[in-house]
Structures are given as C-alpha cells and as structure tokens.
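Chain by chain, the residues:
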Amino acid sequence: MNLLGQFALWAALLVSVWTLVLAFSGQTVERDEVARAVRRAPHASALAVWIASIALWKALFAHDFSVEYVYAYTSRNLPDYYLFSAFWAGQKGSLLLWALVLASFGSLAQVVTPPRYRDLLPTVAGVTSGVLAFFLLVMLVGGANPFGQLPFVPPDGRGLNPQLQNPGMVIHPPMLYLGYIGLTIPFAFAIAALWHRRLDSGWIHAIRKWSLVSWLFLSVGITIGMWWAYVELGWGGYWAWDPVENASLLPWLTLSAFLHSVMIQEKRGMLKRWNVGLVIGSFLLSIFGTFLTRSGVIASVHSFAQSNVGYFFLAFLIVVGVLCYTLLYTRWPALEPEAQLESLASREAAFLFNNLILVGIAFSVLWGTIFPVLSEAVRDVKISVGPPFFNRVNVPLGLLLLLLTGIGPLIAWRKTSIPNLKRQFAVPIGSALLAAVLLLVVGMRDFYALVALIIAAFVLGTVTQEFVRGTRARRRLYSESWLLAVSRLVGRNRRRYGGYIVHVAIVVYFVAFTGGAFKVTQEATLRVGESMEMRSPFGAVYRLTHLGVSQYDALNRQVSAATLEVRRDGQRIGTVVSEKRQHVDSFGNPTFQPSTEVGILPSIREDLYVVFAGTVDFTERASFAITINPLVWWVWFGGVLLVVGGLITLWPGGPGMAPQVTRVRTPEAREPAPEPVNV
C-alpha cells in the first residue's frame, strides 16, 4: 500500500505538470478536444492524491512503523481519532493534506462552475495543477515524502505530541487548510481572467462563493485555534500574536477587504485593479503562512522543526508573486474604473476606508511577524516584536474598523444628503450614547474597553435598525407576523442580512475581547482542605477549596489530577479539575515531557481558569495558578454566530447576480437615488 501511495503521488505529479503545460500552450484555445482534456485532468490528479492519502491513513491505522512518518507521530496506544488526525500532525503529512484539499478543490471547481465561465476553466485547471505540482515536488524531491521508510521496524512509535491530543487539533488544521487552499480557486480565476483579458465582472461572479467559503473556513479555523490555545497551552489567553497565529490572520484580513471591495466593483465598476491585487495577495499570504509553519525560521508553539522545505516555499512565493504582478501590470490599462468616487459621504468611500484599514492591519501584522527575520538579516540580531507592538498599532485600527462596520450600511451609494444622514444615524448614535452613560455610571474607566463597547452599541443600533425597517416594510406590504416577516426578509435577501449577522458576530468578538482588560490572576499553594478567595471583575467572590490530588492511569498516560471545590458568593457551583499528564507508549515508557491540562469552569459572564502547577515534596499540597477571565464564552458564541451568518450568505437559491451593464451618465443619474429597503 505504501508503494501504491508513492506511485499515486508520482502519477499526480505527472498529470499536474502535463495539465499546466498544456493549459498555457495555446492549444486549449485552438482545439476543443485539448481544452476538454485539460478540464478533465484535475479529476485524475485528485483521484491519485486521494489514493495516496488513503494509503497513508491505512498505514497510520495499521501501526505500520516501517513508515518513518507513522513511527514519528503515533503509538499503539493512541486513540483512533488521534490516529486519524495524525495525518496532519507532522510536516510531511500536512503537505499531503494541502495536496489532497487542493486537488479536490481543483476538481470540484471544474464541476460546479457555471457553463458561462467555461472558457476560463482550462486556465483555471492549469493554475491549480501548477500549484499542486509544486506541493507534490516538495514532497517527492524536497525531502518531505510521507511514505519514507525506516531501515528497521520499531516495536512502537514515538507517540503524538500531547498538545496535539486535543479535539481542537482534529478540527482546527483541516478548517484552516480548507480556508488557505480555497484561496487557490479565486486566484486561479483571477489569473485566467488576466491571461485571457476577460476583465469584466464575470470572473468576480465566478469566485464569489469560493471566496466566501474560504473566508468562512478561515474564520472557523482561527476561532477553533483560539479555543485550542485557550484550553491547551495553559497561559490563560487565546491570542498571543504568535507568528503562526498571525500567518492565519493575514489572508483573512485581505480576503475580508476583498469581500467588501468587490461590492464596489459589482455596483459601480470601480476598484478592479485593487480587487485583482487583493485576490493575488491573499493567495500569496496563504503560501507565506505555509512558509512560516514549515521553515521554522520564526520560533512558534505552532511551527514544525526547522527544515529546508520552507525555502522551497520562499522561492515559490517570490517567483509566483513576480509573475502574477507582472501579468497584472501588463493588463493595467484594461482595468480602468468605470466610475469615480463622487463623495466622501458615500458607501463607496466607507468601503474604501474599510479596505485601507484592513490592509493596514495586515501590513502591521506582517511587519511585526517578519521583523525578527529582517533584524537578524540586517543587524545579525534577532529582535522579537511582542504583543505590546501589535496591540498598540492594531487596537485603534480595529476600533476604527468596527466603527465603519456600523457606518457603511447607513450611507447611500454615490453620495448622501444631510437629511438622510440625520435620519439614518439617529438610532445608532442614540444607542451609543445610552451605552456610554450606562458604562460610566457602572464605573467602567478602561479607555479602550469603554470605546469598544460604545462603538459596539453603535453597530448593534445600525443592524437592529436595518432589520426593523425591513421587517416593518414587509408587514405593511404583506400583513405578515413579525416572525414570518423577519424570516422572509432574511431568506429573500440572504447576502445582505447574512452579512449583517456576520457584523453582529464581529461585534460579539470585540465585546468579548474587552474582557481581557479585566482579567484577574492569582497564585496559591494549598494543603488539602485549605481555601483561597478571589474577587471577579463583576464583583463576585470566589472561594476555592483544595479537595486533594488523585493519581491514576489512563489509556496512554499517567495522570495526577488536582480538584478544587468552587463557591461563588457562598453558593457551591461545582468543582474544577486540572491535571498533570505523563504520556507513555504501549510499554509504559515516557514519550514526552509532562504536560498540563487546565481546568475551566465556564459561564457566559466569566471563566474560572485553573492550572495545576504541581505538588510540593510529593505530598498533596499543591500549587495553582488561577485566572478569572471575563467574557471568554462570548468569543466562542461569536464564532457560532459568524458561521450562521456566513451560511445564510452562502445558502444557494438567492437572487442572482445582476448582469453588468454599461453605465451611461445622464444629468438625472448624477442625483443620488434613495437607498431602498429590501423586503
């Protein structure tokens, strides 16, 4: 089976190279049978990569320790679900996962793309096959072959890193990879449109759902990654501006910018060059993220060991970047905008500012991430940039971005009149003022948290106003109940109102982030029966009593578990358990350094976060680090809400895209039309 896997990878490589060469040879335009063959070739590549992937999974589940990758990341006593996720636990397997998802997406794009874009599909197949060929080459000739053999067969494997033995790691990497790799399809359509000079809005329509799907997977992947960091790493937070975390955020930021700016192109025929640049940039940033995680040039809890594989990605990044932006430059005159910005008080201007801020945040994150590498190259000293830099730059920009989230929907296209501004802004500003008074009265004085919550109230006022107006309009027209009117309003305007729900999710994220400003941490060493008290930012008093330390053996680990009884304001609310684990192989031999599993008592108001630091002198006297984390639950709720909004936006069957028309400027057309309420 391992030989079959290797053979399948070589077959996929040959088919991909053949597709790439033929797609750009010009014969796909001249000969229909060649174009047809090129369009079908991604299916053959996908089949071959699936065969290779199944071969690796079979080796993992069969405990075939003659395969070096299986030996390095599994053991006989590893649970089955972690045997499944061990596929992407190491560098070689994760590259195969990249190839698997890319080959599947490349094949799927040929099937689901509407026939009216068929002339672009051979070039799309060529681009996706070219990227796939690169990944296959890295595996087969770059020293990352997942089917590499050991000279002998060990009795057991090394086991899986304890930090990866977490349900989050079963889901998080595939979600992130689906987002990363999904960006290849919009990139391929952009290159196909540039190559064939098909620079109308057709390619934009062809990639809309691919872009949304990629953005949604990235969002889910990032959120689950935050959850994993929170429950697994034991430092009490969920985002530390780690280089690999930043690498996942970068394409999310630029793709978010694209999803907003593309509406300007659809509506006004503007920002064509910018949109092509954003699509190419998002794809390159996804490759950059892969370079960071695979090269080991920057230290991170998420990155793999240092490897030459990363430099293949760096070379690929540079070559593809130069080729793509050169192609864009040659098509520059054909991407002239069809209209100009008429007023700063317009929705186009709001979206443009939104884009500039998103790209500005992306640039600051990129700069802070690569600064250690640049400083080492220039001054031979690696200078790390920590969270204070990222927070100082990005918190104000993030708040400004949140404010624009509330302003954009209130402003009409082209330009807005003063009476319209007064009518649209009354409710949101009223909401913000009310929130400000309430927060000041209850004693909130932290500047950024205060501003964030006031802006959040402003945005919620905007979204609520949009929903209420649309629902009222439906009730007037159709005499529907409130519930029916809301459901049909959303169902018939899924893109708009799904987007509003996503905006509410972003507000929930920001509100949750403000909780970090009020985090409380305390350390204590307790004998059995001893207690400690902590006061939460909401005024509650927690009393924690040490109940004892128990020791037992689990499937692949030896566990010491410390239990605390928790009372809040004198009332018992439960117990919380934190563990020290020593993972062992099937012979009972230690496989990794001891690890810590945090204990969390969650609630919608605040989490009680307990880390068992160890016992004293082999007694049950135990040391703890205890943190009260306000509003963390709302981070995960924001993720759920974001998925709901994204799925509503993506749900098929909505109003189709309006065909692009040539805009003729008449004197009447210069007057702004009133913003309609979609019902």
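Predicted model only: the values in this text are computed from it and were never measured.

## Points about the overall build of the protein chain
Okay, step 1: Within the protein chain one finds 20 helices and nine strands.
Okay, step 2: Over its C-alpha trace the protein chain gives a radius of gyration of 27 Å, about what one expects of a compact globule, namely 26 Å for 679 residues.
Okay, step 3: The principal-axis extents of the C-alpha atoms in the protein chain amount to approximately 85 × 70 × 60 Å.
Okay, step 4: Sequence-distant contacts in the protein chain: of pairs separated by 6 or more residues, those separated by 24 or more amount to 72%.
Okay, step 5: Carbon and sulfur atoms form 64% of the exposed surface of the protein chain, whose accessible area is close to 29,400 Å².
Okay, step 6: Taken together, the 54 basic and 38 acidic charged side chains of the protein chain have centroids lying 11 Å from each other.

## What about the nonpolar core?
Soluble globular proteins: nonpolar side chains tend toward being buried together.
Okay, step 1: Membership of the largest hydrophobic core comes to 158 residues, with the highest contact counts inside it found for Phe187, Leu194, Trp203, Phe258 and Phe313.
Okay, step 2: No other element matches helix 10 (residues 202-232), which puts 15 residues into this core.
Okay, step 3: Excluding anything up to four places from it in sequence, Phe187 contacts Val127, Val279, Ile280, Phe283, Val320 and Cys324.
Okay, step 4: Counting 20 residues, the second-largest nonpolar core is a separate cluster that includes Leu526, Met532, Met534 and Ala540.

## Quick notes on the pairing of strand 9 (residues 622-630)
The side chains of a regular strand alternate, first on one face of the sheet and then on the other.
Okay, step 1: Buried residues dominate strand 9, accounting for eight of its nine residues.
Okay, step 2: Where strand 1 (residues 520-526) and strand 9 come together, seven bridges link them in antiparallel fashion. Paired with Thr521 across the bridge in strand 9 is Thr627.
Okay, step 3: In this sheet, strand 9 lies alongside strand 8 (residues 606-615) in antiparallel orientation, the contact comprising nine bridges.

## Some thoughts on the packing of helix 7 (residues 121-141) against helix 9 (residues 184-195)
Okay, step 1: Contact geometry for helix 7 and helix 9: axes closest at 8 Å, N-to-C directions at 130°. Viewed along their axes, helix 7 and helix 9 adopt a mutual orientation that is oblique. The crossing of helix 7 and helix 9 is right-handed. Along the contact surface, helix 7 presents Leu121, Thr123, Val124, Val127, Thr128 and Val131, while helix 9 presents Thr184, Ile185, Phe187, Ala188, Phe189, Ile191, Ala192 and Trp195.
Okay, step 2: Broken down by class, the residue content of the contact of helix 7 with helix 9 amounts to eleven nonpolar, three polar and no charged.

## Some thoughts on the packing of aromatic side chains
Okay, step 1: Inspection of every chain in the model, using the stated rule, returns 37 aromatic pairs.
Okay, step 2: Centre to centre, the rings of Tyr69 and Tyr73 are 4.8 Å apart; their planes meet at 45°, and the pair counts as tilted. Here Tyr69 and its partner Tyr73 are both found in helix 4 (residues 68-73), four residues apart, which amounts to about one turn of the helix.
Okay, step 3: A relative accessible area of 25% means that Tyr73 is categorised as partly exposed.
Okay, step 4: Through a chain of ring-to-ring contacts, three or more aromatic side chains come together here, namely Tyr230, Tyr238, Tyr509, Phe510, Phe513, Tyr609 and Trp636.

## Examining the side chain of Thr123
Okay, step 1: Structurally, Thr123 is set in helix 7.
Okay, step 2: By relative accessible area, Thr123 is classed as buried at 1%.
Okay, step 3: Excluding its chain neighbours within four sequence positions, the residues that come into contact with Thr123 are Phe24, Ala192, Trp195 and His196.

## Observations concerning unusual backbone geometry
Okay, step 1: Phi is positive for His63, which is not a glycine, with a value near 50°.
Okay, step 2: Inspection of the secondary structure puts His63 in the loop between helix 3 (32-61) and helix 4.
Okay, step 3: In this structure, Phe618 is a non-glycine residue whose phi angle is positive, near 60°.
Okay, step 4: Structurally, Phe618 can be placed in the loop between strand 8 and strand 9.

## Focus on the confidence of the model for the protein chain
Okay, step 1: Across the protein chain, the average pLDDT comes to 89, with 93% of residues at 70 or higher.
Okay, step 2: Note on residues 656-674: pLDDT is under 50 here. Beyond four places in sequence and across chains, it has 25 contacts.

## Structural notes on the packing of helix 3 against helix 6 (residues 91-112)
Okay, step 1: Axis separation between helix 3 and helix 6 bottoms out at 8 Å; the angle between their running directions is 150°. In terms of orientation, helix 3 and helix 6 fall into the roughly antiparallel class. The element helix 3 and its partner helix 6 pack so that their crossing is left-handed. From helix 3, Arg39, Pro42, His43, Ser45, Ala46, Val49, Trp50, Ala52, Ser53, Leu56 and Trp57 reach across to helix 6, where they touch Gly93, Leu96, Ala99, Leu100, Ala103, Ser104, Gly106, Ser107, Gln110 and Val111.
Okay, step 2: Looking at side-chain class alone, the contact of helix 3 with helix 6 contains twelve nonpolar, eight polar and one charged residues.

## Re the environment of Ala52
Okay, step 1: Along the chain, the position of Ala52 falls in helix 3.
Okay, step 2: Here Ala52 falls in the buried class, since its relative accessible area comes to 0%.
Okay, step 3: In sequence terms Ala52 and Leu4 are 48 residues apart; their C-alpha atoms lie 7.1 Å from each other.
Okay, step 4: Ignoring any residue separated from it by four or fewer positions in sequence, one finds Ala52 in contact with Gly5, Ala8, Leu9, Leu96 and Phe147.

## A few points about helix 8 (residues 167-182)
Okay, step 1: Taking 1.5 Å of rise per residue, 16 residues should cover 22 Å, and helix 8 covers 23 Å from first to last C-alpha, within 8% of that figure.
Okay, step 2: For helix 8, the buried fraction is high: 13 of the 16 residues fall into the buried class.
Okay, step 3: The N-cap of helix 8, judged by a side-chain oxygen 2.6 Å from the amide nitrogen of Gly168 a few residues on, is Asn166.

## A short note on the pairing of strand 8
Okay, step 1: Taking burial as the measure, the ten residues of strand 8 include eight buried ones, the bulk of the element.
Okay, step 2: Note that strand 7 (residues 599-601) and strand 8 share three bridges and pair antiparallel. Bridge assignment links Gly599 to a residue of strand 8, and that residue is Val610.
Okay, step 3: In textbook terms, the turn of a hairpin is the stretch between consecutive antiparallel strands, and for strand 7 and strand 8 this stretch comprises four residues.
Okay, step 4: In sequence, strand 8 turns back onto strand 9 through a hairpin of six residues, with Asp617 there showing a positive phi of about 55°.

## Thoughts on helix 9
Okay, step 1: Spanning twelve residues, helix 9 covers 16 Å between terminal C-alpha atoms, matching the ideal 16 Å at 1.5 Å per step.
Okay, step 2: Restricting attention to buried positions, one finds in helix 9 the residues Thr184, Ile185, Pro186, Phe187, Ala188, Phe189, Ala190, Ile191, Ala192, Ala193 and Leu194.
Okay, step 3: Phi turns positive one or two residues past the end of helix 9, at Arg197, with a value near 60°.

## Looking at the environment of Pro251
Okay, step 1: Residue placement: Pro251 occurs in helix 11 (residues 243-268).
Okay, step 2: The class for Pro251 is buried, based on a relative accessible area of 0%.
Okay, step 3: With near-sequence residues (within four places) excluded, Pro251 lies in contact with Tyr180, Leu183, Leu218, Ser282, Leu285 and Ser286.

## As for the sheet that holds strand 3 (residues 541-554)
Strand pairs in the sheet, formed through backbone hydrogen bonds, run parallel or antiparallel to each other.
Okay, step 1: Reading across the sheet, the five strands line up as 2-3-4-5-6 and stay open at both edges, with antiparallel pairing between neighbours. Two strands bound the open sheet, and with one partner strand each, they are strand 2 (531-535) and strand 6 (595-597). The mean inter-strand angle of the sheet, taken between neighbouring strand axes irrespective of direction, is 30°.
Okay, step 2: Strand direction decides the pairing type here: strand 3 and strand 4 (residues 557-568), joined by twelve bridges, are antiparallel. Among the inter-strand pairings, Gln551 is bridged to a residue of strand 4, identified as Ser560.

The rules we used
The numbering scheme is per chain: residues are counted from 1 as the chain's sequence reads. In keeping with the predicted nature of the model, local features appear solely for residues at pLDDT of at least 70, side-chain atom pairs appear and are counted solely at 80 or more, and the whole-chain, interface and lining totals rest on all residues. No hydrogens and no water enter the side-chain calculation; it runs on all heavy atoms of the structure. A run of DSSP states H or I qualifies as a helix once it reaches four residues; a run of E qualifies as a strand once it reaches two. Both are numbered from the N-terminal end. For a compact globule the rule gives 2.2 Å times the number of residues to the power 0.38, and the radius of gyration it is set against comes from C-alpha atoms. Throughout, a residue-residue contact means that at least one pair of heavy atoms, one from each residue, lies within 4.5 Å. Under the convention used here, a 1.4 Å probe and the Shrake-Rupley method define accessible areas, while residue burial counts only the protein chains that appear. Asp and Glu count as negative and Lys and Arg as positive, but His and the ends of the chain are not part of the count. Charge coordinates come from a single atom per side chain, which is NZ of Lys, CZ of Arg, CG of Asp or CD of Glu. Nine residue types can take part in a nonpolar core, namely buried Ala, Val, Leu, Ile, Met, Phe, Trp, Tyr and Cys, and a core is a set of them joined through side-chain atoms within 4.5 Å. Burial status follows relative accessibility: with a 1.4 Å probe on protein chains alone, a residue under 20% of its type maximum counts as buried, one over 50% as exposed, and anything between as partly exposed. Only strands joined by at least two bridges in the DSSP assignment are considered to pair. Fitting a line to C-alpha atoms yields each axis, with helices limited to the stretch in contact; the angle taken between N-to-C directions then spans 0 to 180 degrees. Oblique is the label for every angle not falling under 35 degrees (roughly parallel), over 145 degrees (roughly antiparallel), or within 65 to 115 degrees (roughly perpendicular). A clockwise turn of the near helix away from the far one marks a right-handed crossing, whereas an anticlockwise turn of less than a right angle marks a left-handed crossing. In this count, Pro and Cys sit with the nonpolar residues alongside Ala, Val, Leu, Ile, Met, Phe, Trp and Tyr, while Asp, Glu, Lys and Arg are called charged and the others, Gly among them, polar. Put simply, two rings from Phe, Tyr or Trp (the six-membered ring, in Trp's case) pair if the centres are within 6.5 Å, and we call them stacked under 30 degrees between planes, edge-to-face over 60, tilted for the rest. Across the chain, each position has a pLDDT score giving the predictor's confidence in that residue, from 0 to 100. The length a helix should cover is 1.5 Å for every residue beyond the first. The definition of a polar contact used here is a pair of N or O atoms within 3.5 Å, where within protein one atom must be able to donate a hydrogen and the other to accept one, and adjacent residues in sequence count solely through side-chain atom pairs.

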